[in-house]
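Examining the three-dimensional arrangement
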Amino acid sequence: MRNRVTFITAAIASTLLIAAGCAKTIDPASERGSIRFVAGSLLLNDDATKAGTIKTGFDNPGSDKFYVWGAKTVSSNRQAIFNGDEVTLQSLGVWSYSPVRFWDSDASQYDFLAISGPPSSAGIICNPSIPGHLNASVTYSSTLAQYDLLAAAYQRRDGSTTPVPMEFKHVLSAVSVVVYNDSPSITVTLNSYRFRNICTSATVNVEQGVNGLANVGIGNWTNPGYSTSPVLGSAGAELVTGTHFPQTEIIDLMVPAHLDVVEPYVPQLVIDYQYDAEDPLNPPDIIHHDVVTPIRLQDIKIRGSEECITEWLPGKKYNYEIHIRMGGGIIVNVSTTDWETVPAETPGLTIQ
């Protein structure tokens, strides 16, 4: 996957009119008083396959959706107007929700918070009527379901009823692994690569900021749960010399977390492979080798320095390259890509 990024911009715009008990699409030119939703996106059009998929845009009618919470303030009285309402893409550029809401000319302030990714809003806790910035608690489990969790927020005080821009941001970390066989003549069977002792579940608090979503960091995640068994990753394949697995990038969407965790939860990338090689003491006898190599994620260093990558941050993608060379050990290279900036190359660790 080319190192590009996603900005998903949503605007508050009109979609439905309830008439005679039925919902129909509103003509924006004739119904300017309704609150409307429009979403668009830029960049990162080459999605990953299999496990997780980085959200690249709202372009799948009938399946793309987000949930919105909103409040208006009238005479210092805050009132909820959206409470996890589902907004669904009907066709490209046309969104719908029901029942329709309208702008209130007496309102001095509007606040909005939107979340995309979960299959429903049932597990999201948010009370729009509480004074202060809108905030929501969302629990994510990387082993139960893989989806790109995004959030956006906005506040309006100018009384305008024009579309309100909302910029969605990635809340999770993305991790991909590619395993190469650099051995001169030996075929390697990669059984799997998995992650062990990583944080697989936690609850994130997303909050409305001054002009959009407040910064989301590792400190926004609470109630972490860890897996001591190898999880996620992928089963492998036979790798002849000069080949790699997977052929198409596979992404695991992870809970952002510290990697420099003390026992018993030292996060590891576990490489399980096997190969047959000639017995150097009794040629031409062949010896079968089964190798399981745990690599401590916290030991991978940034190129040109002794600083290690000790955390997976929200909105960043970590690309691990594993090079297996018989007689030369395993070499790990990592490139980290901020989904909103250009990539920065970082290498890693050699295990003899």
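Summary of the structure given here. As the structure is a prediction and not an experimental result, all values here were calculated from the model.

Observations regarding the overall build of the protein
A tally of helices and strands in the protein yields zero helices and 28 strands. Counting across all 352 residues of the protein, residues that qualify as buried make up 49%. Long-range pairs, those at least 24 residues apart, make up 68% of the contacts in the protein with a sequence separation of at least 6. Working note: accessible area of the protein is about 15700 Å², and carbon and sulfur atoms make up 50% of it.

Side note on the pattern of salt bridges
Scanning the entire structure with this criterion turns up seven salt bridges. Here Asp158 ties to Arg156 by a salt bridge, and the two come within 3.5 Å at their closest N and O atoms. You can call Asp158 exposed: its relative accessible area is 59%. In this structure, Glu249 and Lys317 form a salt bridge, with 2.8 Å as the shortest nitrogen-oxygen distance. Residue Glu249 is found in the loop between β19 (244–245) and β20 (251–254), and its partner Lys317 is found in strand β25 (residues 316–325); the two are separated by 68 residues along the sequence. Pair check on accessibility: Glu249 and Lys317 agree, each one buried.

Thoughts on the packing of aromatic side chains
Under the counting rule described, the total for this entry stands at 10 aromatic pairs. For the ring pair Phe82 and Phe112, a centre distance of 6.4 Å and an interplane angle of 50 degrees mean the geometry is tilted. One end of the pair, Phe82, is in strand β6 (residues 77–91); the other, Phe112, is in strand β8 (residues 109–116), and 30 residues separate them in sequence. Taken as a pair, Phe82 and Phe112 share a single burial class, namely buried. Among the aromatic residues, ring-to-ring pairing joins Phe82, Tyr97, Trp103, Tyr110 and Phe112 into one connected group.

What about the pairing of strand β13 (residues 188–196)?
As paired elements, β13 and strand β18 (residues 238–239) share two bridges and run antiparallel to each other. Bridge pairing in β18 places Thr189 opposite Glu238. Bridge count for β13 against strand β22 (residues 268–278) is eight bridges, and the pairing is antiparallel. Each residue of the ladder has a partner; that of Tyr193, found in β22, is Ile271. Summarising the sheet, β13 and strand β17 (residues 231–235) pair through three bridges and their orientation is antiparallel. Pairing of Ser192 across the sheet is with Ala235, part of β17.

Comments concerning the nonpolar core
Counting 31 residues, the largest nonpolar core has Tyr193, Phe195, Leu269, Ile271, Leu297, Trp312 and Tyr320 as its most contacted members. For this core, the elements supplying multiple residues, two or more each, are β12 (173–181), β13, β17, β22 and β25. The element best represented in this core is β22, accounting for five residues. Setting aside residues no more than four positions away along its own chain, Ile271 makes contact with Leu190, Ser192, Tyr193, Val291, Val292, Thr293, Ile295, Ile322 and Ile324. Core analysis: the next-biggest nonpolar cluster, separate from the first, contains 29 residues, Ala136, Cys199, Ala202 and Val255 among them.

Observations concerning unusual backbone geometry
Following Ser98, the chain continues into Pro99 via a peptide bond in cis, with omega recorded as 0 degrees. Along the chain, the position of Pro99 falls in the loop between β7 (94–96) and β8. Residue Pro283 is joined to Pro284 through a cis peptide bond whose omega torsion reads 5 degrees. Note that Pro284 resides in the loop between β22 and β23 (286–296). Phi at Asn197 takes a positive value of approximately 65 degrees, unusual for a residue other than glycine. Position of Asn197 among the secondary structure elements: in the loop between β13 and β14 (198–209).

Definitions and cut-offs
- Residues numbered from 1 in each chain as written.
- Predicted model: local features only at pLDDT ≥ 70, side-chain atom pairs only at ≥ 80, totals over all residues.
- Heavy atoms only, no water.
- Helix = DSSP H or I, 4+ residues; strand = E, 2+ residues; numbered from the N terminus.
- Buried < 20%, exposed > 50% of the residue type's maximum accessible area, 1.4 Å probe, protein only.
- Contact = heavy atoms within 4.5 Å.
- Areas by Shrake-Rupley, 256 points an atom, 1.4 Å probe, with all protein chains shown as cover.
- Salt bridge = Lys/Arg side-chain N within 4 Å of Asp/Glu carboxyl O.
- Phe/Tyr/Trp six-rings, centres within 6.5 Å; stacked < 30°, edge-to-face > 60°.
- Pairing = 2+ DSSP bridges.
- Core = buried A, V, L, I, M, F, W, Y, C linked by side-chain atoms within 4.5 Å.

These figures capture arrangement, not role.
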